[in-house]
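Letter by letter, the chains look like this.
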Amino acid sequence: MSETKLSFRALQLANEQRTAYGLRYNDFTRYRKHCANRTHRLRSTLKMTHGKGREFKKLPPSSTDNIKDGHLELLLFESERAWAYSQDLVTQSLQPANEDQAGTLRHSATGRFRRAVHWSTQLLSHCQSLYASSYLSAEGLMQITIYTLILNGRFLRYRDNFEDAVIQLSVARHLLDELADRAATSRDQALATVFADEIGPEIRYCAHELGRERAYDVDAIAAELSGKHRGEIVEGCDALIQKFRQEGEVAGKGEGRKKLATLMWEGQPVPVRNPELVDVLLRVQEAEAKITQSHEPARAEGASDKRKTSKLGGHGSKKGVAAYDAILLALSDAEEVARKLVEAQQNSGSSSTAAAGTRDIHFVYAYIVYQLLSRRIQRDLLLVSALLSSHRPQASAKPKKEHVDARLYPAVVKLLDTVIQGLAQMRNLSIVDESPDLASAVEARLTFTKARRCSYLAQCYVAVKKYAEALSLIQHATIYLRETRSTLSIFSEDPISAGSAAYYPLTSSDLDVLESTITQDGLTIKNEWFAYNGGSIDADNKTYKKPLFFDIALNYVQLDMDRLQERAGKAPAPALVPVQAVPAKSRLEEVARPKTPEPQAPVRGGLSSLLEGWWGRK
């Protein structure tokens, strides 16, 4: 055997196998078959088979020098196989179809349960020998001790020996609390919490059967009974705990990066009681740290010019948007893991194993979905800011209409649709619905985003000369903006803007800017519509004609074209040499003038005068 210590973790291995092979949905048959296949493979790998055919060969006894991790895993899976078989038989005995064979099935289940306790006790004895030889760490021995105590306690509870069962389970609960408090990583802490939550209802049931007054107080019962009997149940328990603490102090120095920061919601911590969730939330924490580091230099650069930075504290660039891909991917994985845990709890028909008054897996799932939606909204708003800043018109002395890419406004509208969808999903979450201020804040941002969407959608209709639809959208935007002002006036402090991660800041100045923009756009659309077809809904530009009074007025009014050119913002025409203009007289004046005498035609005769008369000549 090598001089290095064995890395055998009984609780971690059992939890991983149970979760992956059926026990998440209480499928004991599938898990039993998996354990049987695993034991066969381990025996073949370790060459611990009992011969071939009908010839039986007894295996030599295992010694401390030749024990490997595989030998310990083999004993663990033998115990898991027998325990799963016993639970499967108990489940079959409760079915109405097996009512006649219920006694036989329960008797067989008791035998299998006793076999599981035998395998776990044998595993514990091997681990104690390895620990005495310094081949196994204190944490490894504590885990297999807890595993054996849990199996013994459950077997005693199954045999209705509640007094001994509650003692065994209470000592196991005390050791699990010690593992959770001194865990080097957040995953180990969640692992201990999972097993502690599983045996909590069993301790409460045993205490209730024994007639305890405060049977619901599991922590008090575990502390009382473990203090009295842990030295009797576990050999050298205090020394083992002290050794584990010393090892944790040495190993914990290099594991700081694997510690999950405390998740907070409304001033209270969010419990993470599953090792799978810890893994994905650690990735979320690392991605958030990268975003925070990337935003710090962006804020320093944007201190001189705040208009170049977006509302979210980062640059509206492709690099700033791409920084959200990692955190969105990690949050999506966390949402998938939490959703599977919720579905498993619902399909199995079991209630939450967490202590009363604590937040369960349903709350954790809603919290993760809220974080996912908030980060997605933050990314989409940053994209909108990047698009608008890239097409922002340059300031000039003469205001003129800037040409805008026809694809800009449809792209902005599509992004705002995604934001509206995210806010609507966020509004339906249970954790948002339970907080009136947060629900109002989300509702205000929903109506504000709808107002922005209507404003940009109106510009899309203006581009195709549909001014009636554009004005209707402007009116809808005004209504949404009025609703936003009414909603924001309900609470004094905005919980989203005042939070640590303000993913969608919204102030009264933002409402004023949008209102002025909507008012100006509405006036511009009306002017363009009137110039296009006179404000008619059905008339086309080609068939549109100016009213008659325009032509009549030009006959009587002399227009000052230079003044019109100047007001239109166009350069006036070059000045011409002034010419003395004759003052025009009014048509009503009558000037007396002599009559012009008519010319006298020469007198002609003959045939030529006759022909000229026929052809109309004189």
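Rules used in this analysis
Residues numbered from 1 in each chain as written. Predicted model: local features only at pLDDT ≥ 70, side-chain atom pairs only at ≥ 80, totals over all residues. Heavy atoms only, no water. Helix = DSSP H or I, 4+ residues; strand = E, 2+ residues; numbered from the N terminus. Buried < 20%, exposed > 50% of the residue type's maximum accessible area, 1.4 Å probe, protein only. Contact = heavy atoms within 4.5 Å. Areas by Shrake-Rupley, 256 points an atom, 1.4 Å probe, with all protein chains shown as cover. Expected span 1.5 Å × (residues − 1). Polar contact = N/O pair within 3.5 Å; in protein donor to acceptor, adjacent residues only side chain to side chain. Core = buried A, V, L, I, M, F, W, Y, C linked by side-chain atoms within 4.5 Å. Phe/Tyr/Trp six-rings, centres within 6.5 Å; stacked < 30°, edge-to-face > 60°. Lys NZ or Arg CZ within 6 Å of the ring centre and 35° of its normal. pLDDT = per-residue confidence, 0-100. Salt bridge = Lys/Arg side-chain N within 4 Å of Asp/Glu carboxyl O.

(A) Inspection of the overall build of the protein chain at higher detail. A count of helices and strands for the protein chain gives 21 helices and two strands. Across the 618 residues in the protein chain, those meeting the buried criterion constitute 39%. Contacts in the protein chain between residues far apart in sequence, at least 24 positions, make up 74% of those at least 6 positions apart. When the accessible surface of the protein chain is split by element, carbon and sulfur atoms take 51% of a total near 37,900 Å².

(B) The arrangement of helix α14 (residues 408-427) in detail. If you check α14, its first and last C-alpha atoms are 29 Å apart, about what 20 residues at 1.5 Å a residue would give, namely 28 Å. The complete set of buried residues in α14 reads L408, V412, V413, L415, L416, V419, I420, G422, L423 and M426. Residues of α14 that are buried in the fold lie against α13 (361-390), α15 (430-433) and α16 (436-463).

(C) Focus on the side chain of R173. Locating R173 in the fold gives a position in helix α6 (residues 162-181). A distance of 2.7 Å separates the side chain of R173 from the side chain of D219, its partner in a polar contact. Once residues lying within four places of it in the same chain are set aside, the contact partners of R173 are A196, I199, G200, I203, V218, D219 and A222.

(D) Spatial organisation of the nonpolar core. Formed by 73 residues in total, the largest nonpolar core has its most connected members in L277, Y370, I431 and V432. Those elements that provide at least two residues to this core are α10 (275-301), α12 (324-348), α13, α14, α15, α16, α17 (467-488) and α18 (508-533). It is α16 that contributes the most residues to this core, 14 residues altogether. Those residues in contact with L277, other than ones at most four positions away along the chain, are V272, A334, V337, A338, L341, I361, V364 and I368.

(E) A look at the packing of aromatic side chains. If you walk through the whole model with that rule in mind, you get nine aromatic pairs. Ring centres 6.0 Å apart and planes at 40 degrees place the aromatic pair F113 and Y158 in the tilted group. Pair noted here: F113 is in helix α4 (residues 102-132) and Y158 is in helix α5 (residues 138-158), with a separation of 45 residues, a long-range link. For Y158, a relative accessible area of 26% corresponds to the partly exposed category. Through a chain of ring-to-ring contacts, the aromatic side chains of W265, Y367, Y370 and Y503 assemble into a single cluster. Residue placement shows R18 over the ring face of W83; its charged tip is 4.6 Å from the ring centre. Above the ring of Y85, the side-chain terminus of R32 is found at 4.4 Å from the ring centroid.

(F) Broad picture of unusual backbone geometry. The backbone of N26 sits at a positive phi, close to 60 degrees, despite the residue not being glycine. Tracing the chain through its elements places N26 in the loop between α1 (10-20) and α2 (28-46). Notably, K465 is not glycine yet its phi reads approximately 65 degrees, a positive angle. Take K465: its relative accessible area is 43%, and that puts it in the partly exposed class.

(G) Highlighting the confidence of the model for the protein chain. This prediction gives the protein chain a mean pLDDT of 82; 78% of its residues lie at or above 70. By mean pLDDT, helix α21 (residues 607-614) is the weakest element of the protein chain at 56, and α5 is the strongest at 95. Throughout residues 302-316 the model reports pLDDT below 50, and contacts reaching past four residues in sequence, or to other chains, amount to 29 contacts. This stretch, residues 395-400, has a pLDDT under 50; its non-local contacts, to residues over four places away or in other chains, come to zero contacts.

(H) Layout of the environment of H362. Secondary-structure assignment places H362 in helix α13. Taking the C-alpha atoms as reference points, H362 and R339, separated by 23 residues in sequence, lie 8.6 Å from one another. Leave out the neighbours within four places in its chain, and H362 touches V342, Q345 and Q346.

(I) Region of the structure containing the pattern of salt bridges. The final tally for this structure, using the stated rule, is 31 salt bridges. Two residues, E78 and R43, come together in a salt bridge whose shortest N-O distance is 3.0 Å. Of this pair, E78 sits in helix α3 (residues 69-93) while R43 sits in helix α2, and the two are 35 residues apart along the sequence. Judged on exposure class, the residue E78 and its partner R43 are both buried.

(J) Quick look at α5. Look at α5: 30 Å from first C-alpha to last across 21 residues, which is about the 30 Å you get at 1.5 Å a residue. In terms of burial, α5 is a largely internal element, 19 of the 21 residues being buried. With its phi angle positive at about 65 degrees, D160 sits one or two positions after the end of α5.

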